[in-house]
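Observations on the three-dimensional arrangement
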Amino acid sequence: MDFKNTNDSVTHRVRAFTERVARLKENDLYYLNMPVEEILPDSKVLLRGHVMGMYASYSYLGLVGHPRINEAAKKAIDKFGTGTNGVRMLAGTLTIHKELEETIANFKHAEAAVTYSSGYVTNLTVISSLMGRGDYVFSDKLNHASIVDGCLMSGAEFRRFRHNDMEHLEGLLKNAPADVAKMVVADSVFSMDGDIIDLPKVLELTKKYNAWLMIDEAHSVGVLGKTGTGIEEHFGLGDVIDIKMGTLSKTIPSVGGYIASNKDIITFLSHASRAYMFSAALPPAQAAAANEAFKVILDEPWRIEKLNENTKQFIGGLKGRGFDTMLTETAIVPVLCGDDDMAFAMTREAQHNDVFVLPVASPAVPEGLARLRATVTAAHETSEIERAMDVIGAAGKKLGLIK
Ligand SMILES: *Cc1c(COP(=O)(O)O)cnc(C)c1O
């Protein structure tokens with residue numbers, strides 16, 4: 001098909017991307033959308049015929065390919081087949097969905113839980129079902145795109161507070177009318193920076209101003225807390241978050257999203273949220289895999305210890321080599337590069353030396369804050385992390401990013 005012979009905004013939008021992608025490819029600076037040929041043990045992958053260390057995966061506890069999880073998925077296929085052929089409210093609900101929701105509720109110390117077919121759609125549908133015109137939603141400036149989209153879709157007054165800035169949040173809460181519904185929503189661990197929301201302070205403010213609290217635990221389940229149950233455990237708090245959102249696609253090696261909350265909220269969401277009503281239920285294999293994965297986290301606590309050790313080694317080693325890793329305290333480790341081209345060149349050098357790491361550039365992060373966004377997992381070997389840091393260090397020296 002030829003490009004339509006128009007000069008409208010669609011044409012310009014599409015061209016802007018085709019030209020940018022073509023320029024990056026010409027200069028060997030394009031490493032997005034690379035097909036992995038095989039997932040290997042120890043956080044390695046086969047890609048372009050090379051065995052590479054994987055530093056861009058969210059399999060924080062190394063659970064992808066875990067025998068117990070694979071087995072649970074296979075059994076579910078034998079019992080239920082591969083699709084649900086229906087939405088949850090009609091013919092799509094299977095016993096495995098109910099089991100999974102019970103497992104999640106227990107894991108998150110909540111009364112009940114509901115699942116959706118992705119984390120993205122969970123934020124979209126839940127925020128927009130709970131909040132509406134005239135209500136006020138307060139969102140951290142670095143929140144994930146799915147939260148931003150959910151807030152916009154809700155039609156509520158949308159207020160963004162400066163990143164993790166509790167004074168700013170309080171000012172905004174104070175300025176909102178006293179008699180409207182309010183919700184504060186934030187990532188637990190910020191997905192580009194790896195730092196942690198100040199939950200105790202947010203909690204205090206939501207109590208003081210009578211606001212609902214929703215926290216997105218995409219990057220804290222299996223990562224924060226001694227037993228990996230997330231941000232409440234990390235801060236030594238009990239069941240304090242009203243709406244605990246999470247994904248089944250990161251530490252949990254499946255796909256889907258969930259909300260854990262009180263029974264009434266879950267009853268409401270499982271009758272009134274549009275993604276539950278109008279989109280097919282999770283496939284049985286994915287539901288069963290997720291269900292088993294939560295159990296494996298609790299049964300194999302050494303994985304969390306290993307993740308913590310590896311995280312310390314990785315952040316410490318990169319800082320020691322002279323890199324700026326920003327404010328991260330978790331397995332998401334930004335390696336600040338500055339301009340987009342430096343981030344792309346650093347990626348190329350790393351990829352040429354079998355370290356699979358990817359850049360994040362504008363507009364995903366503010367201009368001038370382009371970075372490698374590296375992740376470390378419990379499955380990395382100590383010596384392999386050392387090798388990756390040597391490769392990134394050599395690249396930084398070659399390109400003049402560090403001395
Ligand atoms: C990845 C992510 C999501 C979306 O989850 P998916 O299951 O991949 O759709 C939502 N919120 C945050 C913070 C994320 O990092």
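Residues numbered from 1 in each chain as written. Predicted model: local features only at pLDDT ≥ 70, side-chain atom pairs only at ≥ 80, totals over all residues. Heavy atoms only, no water.

**Remarks on helix 8 (residues 199-208)**
Defined as follows: Exposed residues in this analysis have more than 50% of their type's maximum accessible area, buried residues have under 20%, and partly exposed residues fall in between, with area computed by a 1.4 Å probe over protein chains only. By the criteria applied, helices consist of DSSP H or I runs no shorter than four residues and strands consist of E runs no shorter than two, each listed in order from the N terminus. Arc definition: directions from the helix axis to the C-beta atoms. The contact rule is simple, with two residues in contact once any of their heavy atoms fall within 4.5 Å.
Along helix 8, the residues classified as buried are L199, V202, L203, L205 and T206. All buried residues of helix 8 lie within an arc of 165° about the axis, which places them on one face of the element. Of the exposed residues in helix 8, the ones pointing more than 90 degrees away from its buried face are K207 and K208. The inward-facing, buried residues of helix 8 contact helix 7 (166-175), strand 7 (182-187), strand 8 (212-216) and helix 9 (231-234). Taken from the residues just after helix 8, N210 is the one with a positive phi, measuring 55°.

**Describing the domain arrangement of the protein chain**
This is how it is decided: Throughout the structure description, domain borders are defined by an automatic or database domain assignment. By convention, the term buried area covers the 1.4 Å-probe accessible surface removed from two parts as they join, with the contributions of both added. Throughout this description, the term salt bridge denotes a Lys or Arg side-chain nitrogen within 4 Å of a carboxyl oxygen of Asp or Glu.
Here the protein chain is described as being made up of domain 1 (26-55 + 301-398) and domain 2 (67-299). Averaged C-alpha coordinates put domain 1 and domain 2 at centres separated by 27 Å. Both sides together, the interface formed by domain 1 and domain 2 hides about 1,300 Å², and carbon and sulfur atoms give 61% of it. Considering only the surface of domain 1 that becomes buried against domain 2, I304, T330 and I332 emerge as the three largest contributors, covering 37% of it. Here domain 1 is connected to domain 2 by one salt bridge. A salt bridge links R371 to D193, with the shortest nitrogen-to-oxygen separation between them at 2.9 Å.

**Some thoughts on the sheet that holds strand 8**
Strand-to-strand pairing in sheets goes through backbone hydrogen bonds, with the strands running parallel or antiparallel. Definition in use: When DSSP finds two or more bridges between a pair of strands, those strands are recorded as paired. Whenever a helix is involved, its axis is fitted only over the stretch in contact; in every case the axis is a line through C-alpha atoms, and angles between N-to-C directions fall within 0 to 180 degrees.
Ordered in space as 4-10-9-8-7-5-6, the seven strands form an open sheet in which the pairing is mixed. Only two strands of the sheet have a single partner each, and these edge strands are strand 4 (112-116) and strand 6 (157-161). Pairs of neighbouring strands in the sheet enclose a mean axial angle of 20°, with direction left out of account. Across four bridges, the pairing between strand 5 (residues 136-140) and strand 7 is parallel. Its bridge partner lying in strand 7, S139 is registered against V185. Lying on the sheet, helix 4 (residues 95-107) is in contact with strand 4 and strand 10 (257-261); it crosses strand 4 at an angle near 125°. Along the sheet, helix 8 contacts strand 7 and strand 8; its crossing angle with strand 8, the most-contacted strand, is approximately 155°.

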